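Examination of the molecular architecture
Listed below, chain by chain, are the residues.
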Amino acid sequence: MKILVLGGDGYLGWPTALHLSAQGHEVAVVDNFARRGYDNELGVESLVPIEPLQSRIAVWRELTGRTIGCYIGDLCDAQFTYDVIEDFEPMAVVHYAEQRAAPYSMIDRRHAVYTQQNNVVGNLNLLYAIAELNRDIHLVKLGTMGEYGTPNIDIEEGWLELEHNGRRDRVLYPKRPGSFYHLSKVHDSHNIEFACRIWELRATDLNQGVVYGQQTPETVQDERLATRFDYDAVFGTVLNRFTIQAVIGHPLTVYGTGGQTRGIIDIRDTVRCIQLACENPANRGEFRVFNQMTESMSVRDIADTVSNAFPGDVTIENLENPRIEAPEHYYKVKHTALVDLGLEPHLLSDTLIESLFDITKQYAHRVRLEALRPTINWRNPSSR
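This section reports on the structure supplied with the text. (Residues numbered from 1 in each chain as written. Predicted model: local features only at pLDDT ≥ 70, side-chain atom pairs only at ≥ 80, totals over all residues. Heavy atoms only, no water.)

1. Regarding the sheet that holds strand β13 (residues 295-298)
Strand pairing in a sheet takes place through backbone hydrogen bonds and is either antiparallel or parallel in direction. Taken in spatial order, the three strands line up as β9-β11-β13 in an open sheet, and their pairing is mixed. Where the open sheet ends on each side, the last strands, each with one partner, are β9 (210-212) and β13. Strand-to-strand, the axes of this sheet are offset by a mean angle of 45°, without reference to chain direction. In the sheet, strand β11 (residues 261-266) pairs with β13 via four bridges, with the strands oriented antiparallel. Residue pairing across strands places Arg-262 opposite Met-297, the latter belonging to β13. Helix-sheet contacts for helix α10 (residues 299-309) involve β11 and β13, and the interaxial angle to β13 is about 90°. (Pairing = 2+ DSSP bridges. Helix = DSSP H or I, 4+ residues; strand = E, 2+ residues; numbered from the N terminus. Axes fitted to C-alpha atoms, helices over the stretch in contact; angles between N-to-C directions. Contact = heavy atoms within 4.5 Å.)

Below, the structure written as structure tokens:
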């Protein structure tokens, strides 16, 4: 199958492209290198050095004989988007190509506007390109569990059976996101559902939990194939950040009491989920939602898990939470669709955490301590 991976230079996009290629699919990637630009803006880099995209593609071909195509450009450029779809003629498009950090979207007005314009407009251009060029293309879109927020009822997989005043209907599950980034993902979901309904597109929206880990069976074949390992308070995911803090002797920074519960998923399961979604496409006109997570844990439990696994002393520091979120809340999520398709989840284990410790020890000299502390406060809007 010909699969186009948008955002193929990123933390998840690159290992996904490798995994799909290793499974025998014909893969091409698209990227505008915006994520590398955020590094320059924020003054922090991936803990693990990453090669240029073209170099990584060359290494993969050298090791496996498999070719990954490459297009450089921006989805917000409608003509570029149309040209790529028309040239590569994919049967599935995996869409990672969005600004992905909630804290980044909350820096100030400019970053909020950029996040929503970049994410929503790029996604709309893609929907129009698919609708006009080939409506049989299956769109596999990375969403986020953060779209739902933390409702006081069970979270279903995208849809809710509702009874009101004696009548019943099936509606999109109500969303209450916690940042302008998460709001952009909600807008994407609504736009995709609308496009499926009026143009009979086929789409799978993958509402993913917090990803942890840095290695997949493909990236470990050569250090030049490594993907990002972000640890900073803007782009670093919580377990990755905690493992780094443990290794360098820095307190694990828990926001508030740490009672916030989140869905989590191993990066190896992320790439497998994408494969399963691509190989089992939605029907024409179907907007399908999968909750892409394997287990849920509170932030405090994640900190305790890291602390218990580390062969040394670890301290935990509770910081004032810069985010606006409930300190304790109900959290029960249905996530069976991908398991039904064949996902065999990797659950969080000491073995995985120990491998993250090893990676961190190798590159600990690259850590910038000031990047670990949160500096963006949801409560104080800025217009700069």
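Still to come is the rest of the account.
2. A short note on the side chain of His-19
One can find His-19 in helix α1 (residues 13-22). Not counting chain neighbours up to four residues away, the residues in contact with His-19 comprise Glu-218, Val-271, Arg-272 and Gln-275.

3. Points about the nonpolar core
Residues Leu-4, Tyr-71, Val-93, Leu-139 and Leu-201 are the most contacted members of the largest nonpolar core, which totals 36 residues. At the level of secondary structure, the elements contributing two or more residues to this core comprise β1 (2-6), β2 (26-31), α4 (78-88), α6 (109-133), β6 (159-164), α7 (180-199) and β12 (287-292). In this structure, Val-94, Leu-225, Ile-265 and Leu-338 belong to the second largest nonpolar core, which totals 34 residues. (Core = buried A, V, L, I, M, F, W, Y, C linked by side-chain atoms within 4.5 Å. Buried < 20%, exposed > 50% of the residue type's maximum accessible area, 1.4 Å probe, protein only.)

4. Topic: the layout of surface pockets
The volume enclosed by the second largest pocket comes to roughly 280 Å³. Lining the second largest pocket are 19 residues, and of these Ala-233, Val-234, Ala-371, Arg-373 and Thr-375 lie nearest its centre. For the lining of the second largest pocket, the per-class residue count stands at 12 nonpolar, two polar and five charged. (1 Å grid on protein atoms, 1.4 Å probe; cavity = no way out; pocket = protein on both sides within 12 Å on 5 of 7 lines; lining within 4 Å. Points joined across faces, edges and corners; volume = space filled by probe spheres on them. Nonpolar A, V, L, I, M, F, W, Y, C, P; charged D, E, K, R; others polar.)

5. Notes on the sheet that holds β1
The seven strands are arranged β3-β2-β1-β4-β5-β8-β12 in an open sheet whose pairing can be described as parallel. Two strands close off the open sheet at either side, each with one partner strand: β3 (68-72) and β12. Sheet twist, expressed as the mean angle between neighbouring strand axes with direction ignored, is 20°. Sheet topology places strand β5 (residues 138-144) next to strand β8 (residues 202-208); seven bridges connect them, and they run parallel. When the sheet's bridge partners are listed, Val-140 is paired in β8 with Thr-204. Set on the sheet, α7 makes contact with β5, β8 and β12; between it and β5 the angle comes to about 155°.

6. A word on the pattern of salt bridges
In this structure the tally under the stated criterion is 23 salt bridges. For Arg-36, the salt bridge goes to Asp-9, with nearest N and O atoms at 2.6 Å. With Arg-36 in helix α2 (residues 34-42) and Asp-9 in the loop between β1 and α1, this residue pair connects regions lying 27 residues apart in the sequence. A salt bridge links Arg-373 to Glu-317; the shortest N-O distance between them is 3.1 Å. Separated by 56 residues along the polypeptide, Arg-373 in the segment after α12 (350-363) and Glu-317 in strand β14 (residues 316-319) bring together distant segments of the chain. Residue classification places Glu-317 among the partly exposed residues on the basis of a relative accessible area of 26%. (Salt bridge = Lys/Arg side-chain N within 4 Å of Asp/Glu carboxyl O.)

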